[in-house]
Amino acid sequence: MARYGMVIDLKRCYGCYACSMACKVANHTPPNVFWSRVLKGESGTFPNVVRQALPVLCFHCEDPGCVKVCPTKATYANDDGVVVIDKEVCVGCKYCMMGCPYGARYTVPEWKSYFPEGLPLSELEQFQKEAWEEKSGCGVATKCDFCTERREDGKEPSCVTACPADARIFGDLDNPDSEASQRIKRDRGFVLKPEQGTKPKVYYLPPR
Amino acid sequence: MIAAKERNGKEDVWIPTCCGQCYCMCGIRVRRQNGVVTEVEGNPEAPTGRGKICVKGLAGPQLLYDPYRVNYPLKRTNPKKGIGVDPKWERISWDEALDIIIKKLKKCQEVDPRGVYFQATTTQASEIRFGVIGFMKAFGTPNYWVSGGGLHCGNGAHFMNGIMHVSWSIIPDFAHCNLPLNFGCSKGHGAGHVAVQNATQAADARARGSRTITFDPFQSAQAAKAHEWQPIRVGTDGAMALGLVNSLLNEHGIWDDEYIKYKTNGPYLIRPSDGRYMRDKETNKPLVWDLVDGCQKIHSDPSVTRVEYEDEAHDVAIQGRYTVDGVECTPAFELLKEHVKKYTPQYVEEITWVPAASVSRIAKEIGQAAEIGATVTIQTEKGPKKIPKRPIAAHYFRGSQGHVNSGWTCLSIDMVNHIVGAADTWGGAMGLGATVCGGYEGTGKPYQIPYADDDGLLVAKAWVYDHLPYPMRVPKPPTRLDLHDMFPTSIYNAFTITSPRWFEMLDRFKIPYRPDIMINFGSNSVMTMGHAETVTENFLKKFNFIFSFQLYITEFEEAVADIVLPDTCYLERYTPAVSFPSTFSHPQGEDDWGWTIRQPVIEPLYERRDFNVVMLDICKRLGISDKYYKGLNDTIIMRYGGAMDDKYKLCEDGSREHEWPEVTDRLLKDRFGEEHGLDHVSEKAVFTWPKRKEDVYWKWFNPARVPLYFEYFIDSGEQIAKLCDEFDAKEFFDFDWSRFKALADWYPCPSHTEPDPEYDMYTFYWRAVMHCNSLTQQNPWLDECSQEDPYVYAIQMHADTAQKKGIKQGEKVWLENSHGHRVRGWVALTEGIEPRHLAVAAVAGHWGEYMPIAKGKGTFFNDLVEMDKEHTDPLTLNQDICCRVKIYKA
C-alpha cells in the first residue's frame, strides 16, 4: 500500500496562489476557506531583508494530533496514509482544530455566497454549495484530503497539477525510488514544527 | 465536436479552449458538469502552459456566472454624464440598441467616418484583430487606442524591442541563461507575457542554479526570488544600465568584438559634422573601415559581413579615426564608448541609490558570466551549426519603462545584452512574442523571417506590429484625433487627447473633424489611464455618443456610456486565432509552436452576444460587410504570416456571409492544410508544430544588424520639430527635441525634480499576480486571494519611515501629489521597500456600484498620474507613472 505524501520545493515556489485557487475550485470550499494556503513572511531589516512564501495544507501526519483528540473517531488515516474526515460521524466539536499544530482544519457554520445577500445563487454557486455539502459540509471539520476524487480519476491533487512553478511533487513516501522520496533525501527535505512529533508527510525543500 | 461524457448519469466533460483572463491566453481545459462550467485546468497539449495555469485562469468560472455581469442591453436615460452621475439605466432590446447605434453610425459615416474612435482592452488582444481592425478598415476611421494597456506598459518597451529584437518584449533564454538581470518586471514570476510558461521556465532555471539580480524599489516576487536585490530609486533603471555599459566598456574593457563588428552598426563610420553615417557615394550605403584592406567598404560588402557564426570576414574597425573622402570619421562604437563615460559608478550611485561598488561589481559579473568567445553547436535543418553561447540577459518591462525616459531606458537596459553579444542566441536575451518562424512544414505558413534594410538594420516588419518601429515612418501632418501621424516614434499618446486644449490642437493642425462616436470594447479607461476626472472631462465627454461592449457596468459606463451591450466572456465565444498574432502568448524557447483557438464551452448566457458577432451584424446593417471581410483578409496576410489561398479567403463581393466557426475553419485550413480545419483542431484547441532551432536562436542565421547608434532618430526629431513649426504649434509641443539623438542617456522624471520638500515620498504601482488590468478585481475568488496576501490591497511603507511620520500598521492615509490630486488607502508596514518609497498594487480602488466585490478595495493609484506633456516621454510619448507625494492620515 502506498503512503502518500508531498514535497514542496521552496526554491521553485514564488507565492502565486495558484495552489490555493486550484484547491478552492476543485474542492468547492466556501468563502474564507482555503484548504491550501500560501503564508507570506519577511525576515531581516532593510536592505538585508527577504520575503518568503510558504504554501501550507494538511500535512497528513503519521501520528496526527487531530486523530488523537477526535472523540467520535470521525477523523482517521486511510490505509494509504491520507487523513480524512467522515462528515457523517463528525459532531463539529472542533477538538481536532485544537489538536492540529498546523491550523490546517476549517469549519463553517453555514454556507454563504460571495455576493451580497438577496441575490439568487448563480448556477456556479448552486453547484459549489451542493458539492460542498456532499463532500464536506457545514458545522463539521473539513480539510485537504489530497483530492480524493481527482486521485480516483487518476489525477494528482489539484494544487500539484496547477502549480506554474512545478514546485510540488506528490508521491509514495514508502517507495524509496519515488521522486518525492528521492528529492527529500537528496535536497535536504524538512518538515514544519518537527518538535510537535506528529511526523508530517508534507516536506519542504529549502528556498536557497 | 466535443463528445459529451457522463458520470453518474450526468454530463461531465472537459473542453479544451483558451484562457482570456489576461492577454497571455494560455491553453486551458474547462470542465462542464450537467451544463454548468465548474472548473479550469491547464491544457497539457498547449505549449503555453503545458497543463499549468495561473490563479486568474483557475478563477475563470466566476467571471462567467457573476450575478453582476451585464446580461441585457442598457440605455442611459440621464443625459448628464460624469463621474458620480447616476446614468438611470433602462433595459432595452438588442433591436432597439442596434437601431440607435446604426442611426448614429450612419450619420457619422455621412459627415466624416473618422469621427469614430475605437477604444479596446488589451486583455482581449486577439479579438481586437478581428472586430476592431476589420471594422476600422471597413468604416474608414484611423482612430484607435487601448487606453492604459498601451501607454502604461509599452510605448518604450515595444518600440525598442521591435528595433533590437523584432519582437514585442524580451525575456531571458531561461533554459540556458545563468545570470538574468531583472529591471522592474515580473516576467518569470507569474505576471507579464506568456506568464505560466515563463514561470515554469524561471523555476527550472533557479533549480538549475542560475543566479538572478533584481533591480526594484521593493521586494517584488521577482526580488524575493532573486539572489541579489538592489533596491533602486524608481525611474532610474536607465542610468543603472548605462552605468553597467560604461563599467563593462571603460572599466573592465569587456565587449563581444565579433558581435559588435558583424551584428551591430558599431563599425559604421560617423562623420563629425552632423553625427550622420558616412555613406558610399554610389550606393548611399553606410561605410565601415576594413582593417585588412585598409580602406572603407560598404557595410554589406561580403568581405566585411558574417551571417553565420562560422562565416569568415575581414576585421573591421570599431575604434580609432579613419579618413574617408577627406573627412575624419569615427566608428559608432567608439562614440558610444566615449559617450557613456559620464555614467561613472559614483554618478550612477547619486542617481539610482545603488552603491557605486555594486555597479562596478555587477558589470564585472555580467562580463564573466557572458562567456564571450564560448560557442555551442545546435542542430539546424542544414546540419550542426556553431553559435555563440552568451548566458546572461538583462530584461525589463513596465516598472522600468513607465517613465518620461521610457525609450532610452529600454534601450539602455537592452544595450547591456548587445555589448556582450547576448541577444537572440543561446542563453541570452530573446525576443518575446517570437517573430522568427519558418512556418509549418506542410504550408510554409505562418512565415516570418526578418531581414535587413539598405542600411543593414533589422526591419521590424513582423506580425506583431501595427506601428512599424523601423524603418522609421516619416512624420506627416496629422489626420488622427491624437495627432499620431506626426509622431513616428510612439505607439499611442494621451497628452493630446486629454489636454484641456485638445480641440485647439486639432484646429491648429487643420484637422477638419471632431470626435463623434466612441466604440468601447472592454476597456475601463476612466480608471486605467490616469487622473480620472481629467480623462473623463477632457477626453471622454467630448464624444457625442458612446456605446460599449462590456462584461460589467464599470466606472467607464457609469460615467460616459450611452448604450451598454452585454458581451460574452472568453468562455462563450469563438476566436479563430489567439496565440497568433497576439505577441503575448507565443511559447518561448525550444518548445513547439502553437496556434491556439478559443471555442465556447457553453452557449452565451442570458442575452449576451459575442462582440465579434455583433460587429459583423453592425457591418451588415451598415452595408459594409464586404469591406469588413476584405479588411480581415488583408489583416490575415499581414498579421498571420503570409498570403491567403483564394479558396479560403472570406468573400469580398458581398454575395455571402460568414460566421465565426467558419472563419476559424478557413483560417486554420489556410495556415495548416485542408485536413487541419476546425474539426481537427477543436479536439485540442491548439495546433502545434516543432520549432526550428535556427528560428529560436536566430541571430547568427540572419544578416541584419541592430543599432547601437540611432542615427535616424536625429532625422525624426528634426522632422517633427519642423512640422510643429509649420503649423505654428510650438506652444503645444515645446518638447526637448534634443532627446532625439543617436546615443542613449538618462533623463529625470518629474518625481525626481519635484521642488517642494513637503512631497517627500516616491510612489509607484506594481503588478499583483492575481490581477490583470482592472476587471479581475470583481472576481470574488481573486478578491479572496488578494486578501490572503499582506500587500495586494495595501500601501507598502517602510516601518522606520512610518514611525517617523507617526503612521501605524493598518492606518488609513491619503497620498497627495503636488497637483492637489490625492488617493486613499491603508498602510502595511514592511522592511521590504526602499524607505523613501510607497508601493501600491494593480488598478484597484473601484467605486462603481455595479462591481460590488471590487468596490472600495485597494488604492486607486492612477488618480495620481498626471496626463500632461511634462509627464510624457518626448521620444516615445510614454506616460510617466511614478509620482512624488506627501502622506498623511485620513
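Residues numbered from 1 in each chain as written. Chains lettered and ligands numbered in written order. Predicted model: local features only at pLDDT ≥ 70, side-chain atom pairs only at ≥ 80, totals over all residues. Heavy atoms only, no water.

Enquirer: Would you explain the domain arrangement of chain B in this entry?
Expert: Residues and elements named next belong to chain B. In terms of domains, chain B is made up of domain 1 (6–65), domain 2 (74–145 + 472–582 + 599–684), domain 3 (155–437 + 699–712) and domain 4 (750–889). The distance between the C-alpha centroids of domain 1 and domain 4 comes to 33 Å. At the interface, 10 residues of domain 1 touch 12 residues of domain 4. Here domain 1 meets domain 4 over a buried area of about 910 Å², counting both sides, of which 68% is carbon and sulfur. Summed over the three residues of domain 1 that lose the most area to domain 4, namely Val-55, Lys-56 and Gln-62, the buried surface amounts to 52% of that side. At the boundary of domain 1 with domain 4, the tally comes to 3 residue pairs in polar contact (both at pLDDT 80 or more). Only helix H1 (55–58) and helix H2 (60–65) provide two or more residues apiece to the side of domain 1 that touches domain 4. (Domains from an automatic or database assignment. Contact = heavy atoms within 4.5 Å. Buried area = accessible area lost by both parts, 1.4 Å probe. Polar contact = N/O pair within 3.5 Å; in protein donor to acceptor, adjacent residues only side chain to side chain. Helix = DSSP H or I, 4+ residues; strand = E, 2+ residues; numbered from the N terminus.)

Enquirer: What's the story with the state of the cysteines in this structure? I'm lost.
Expert: Working definition of a disulfide: a covalent bond connecting the sulfur atoms of two cysteines. Residues and elements named next belong to chain A. Enumeration according to the criterion identifies 0 disulfides over all chains in this entry. Not engaged in a disulfide, the cysteine Cys-144 finds its nearest cysteine sulfur in Cys-58; these two sulfurs lie 5.5 Å apart. Of all cysteine sulfurs in the structure, the one in Cys-147 sits closest to Cys-159, which takes part in no disulfide; the separation is 6.3 Å. Given the relative accessible area of 6%, Cys-159 is considered buried. (Disulfide = S-S within 2.5 Å. Buried < 20%, exposed > 50% of the residue type's maximum accessible area, 1.4 Å probe, protein only.)

Enquirer: What am I meant to see in unusual backbone geometry here?
Expert: Among all residues save glycine, negative phi is the norm, and among peptide bonds the norm is trans. Residues Phe46(A) and Pro47(A) are joined by a peptide bond in cis, for which omega reads -5°. Its location among the elements puts Pro47(A) in the loop between strand S2 (37–45) and strand S3 (48–56). Note the cis peptide between Lys445(B) and Pro446(B), where omega equals -10°. Within the secondary structure, Pro446(B) is located in the loop between strand S21 (429–432) and helix H16 (502–508). The backbone of Val166(B) shows a phi angle near 45°, a positive value even though the residue is not glycine. Its place among the elements puts Val166(B) in the loop between helix H6 (155–165) and strand S9 (169–172). Of note, the phi angle at Val194(B) is positive, near 45°, even though the residue is not glycine.

Enquirer: What is the right way to read the packing of helix H9 (residues 237–251) of chain B against helix H15 (residues 406–419) of chain B from this model?
Expert: Residue and element names in this part refer to chain B. At their nearest, the axes of H9 and H15 sit 7 Å apart, and the two run at 25° to each other. Of the possible angle classes, the one that applies to H9 and H15 is roughly parallel. As H9 packs across H15, the resulting crossing turns out to be left-handed. Across the interface between the two elements, Asp-237, Gly-238, Ala-241, Leu-242, Leu-244, Val-245, Leu-248 and Leu-249 from H9 touch Thr-409, Ser-412, Ile-413, Met-415, Val-416 and Ile-419 from H15. Tallied by class, the residues present in the contact of H9 with H15 amount to 10 nonpolar, 3 polar and 1 charged. (Axes fitted to C-alpha atoms, helices over the stretch in contact; angles between N-to-C directions. Parallel < 35°, antiparallel > 145°, perpendicular 65-115°, else oblique. Left-handed = near helix turned anticlockwise from the far one by under 90°. Nonpolar A, V, L, I, M, F, W, Y, C, P; charged D, E, K, R; others polar.)

Enquirer: Just to check I follow, could you spell out the interface of chain A and chain B for this structure?
Expert: Each side of the interface is counted separately: chain A has 48 residues, and chain B has 64 residues. Summing both partners gives a buried area of about 4600 Å² for chain A against chain B, and 59% of it is carried by carbon and sulfur. Where chain A meets chain B, there are 8 salt bridges. Between Lys155(A) and Glu41(B) there is a salt bridge, and its shortest N-O distance comes to 3.0 Å. Here chain A is connected to chain B by 27 residue pairs in polar contact (both at pLDDT 80 or more). Those elements giving two or more residues to the side of chain A that touches chain B turn out to be helix H1 (18–27), S2, S3, helix H4 (123–135) and helix H6 (158–162) of chain A. (Salt bridge = Lys/Arg side-chain N within 4 Å of Asp/Glu carboxyl O.)

Enquirer: Sorry if this is basic, but what is going on with the pairing of strand S10 (residues 179–183) of chain B here?
Expert: Consecutive side chains of a regular strand alternate in pointing toward one face of the sheet and then the other. Residues and elements named next belong to chain B. Among the 5 residues in S10, 5 count as buried, and that is most of the element. Along S10, one buried face is formed by Leu-179, Leu-181 and Phe-183 and the opposite face, lined by Pro-180 and Asn-182, is buried too. Direction of pairing for S10 relative to strand S20 (residues 392–396): parallel, over a ladder of 5 bridges. In the strand pairing of S20, Pro-180 is matched with Ala-393. Across 3 bridges, the pairing between S10 and strand S11 (residues 213–215) is parallel. Each residue of the ladder has a partner; that of Leu-181, found in S11, is Ile-213. Regarding topology, helix H7 (residues 195–208) serves as the crossover connection from S10 to the parallel S11, and that connection is right-handed. (Pairing = 2+ DSSP bridges. Right-handed = clockwise from strand over helix to strand, strands pointing away.)

Enquirer: For this particular structure, what's the right way to read the packing of aromatic side chains?
Expert: For any pair of aromatic rings, the description consists of the separation of the ring centres together with the inter-plane angle of the planes. One pass over the structure, following the stated rule, counts 65 aromatic pairs over all chains. An angle of 65° between the planes, with centres 4.6 Å apart, marks the rings of Phe59(A) and Tyr102(A) as edge-to-face. You can see Phe59(A) sitting in the loop between S3 and helix H2 (65–69) and its partner Tyr102(A) sitting in the loop between helix H3 (95–99) and H4, a full 43 residues away along the chain. Feature note: the residues Phe130(B), Tyr440(B), Trp593(B), Trp595(B), Tyr640(B), Trp660(B), Phe672(B), Phe687(B) and Trp689(B) constitute an aromatic cluster, connected by ring pairs. In this structure, Arg824(B) is placed above the aromatic ring of Trp814(B), and the distance from its NZ or CZ to the ring centre is 5.8 Å. (Phe/Tyr/Trp six-rings, centres within 6.5 Å; stacked < 30°, edge-to-face > 60°. Lys NZ or Arg CZ within 6 Å of the ring centre and 35° of its normal.)

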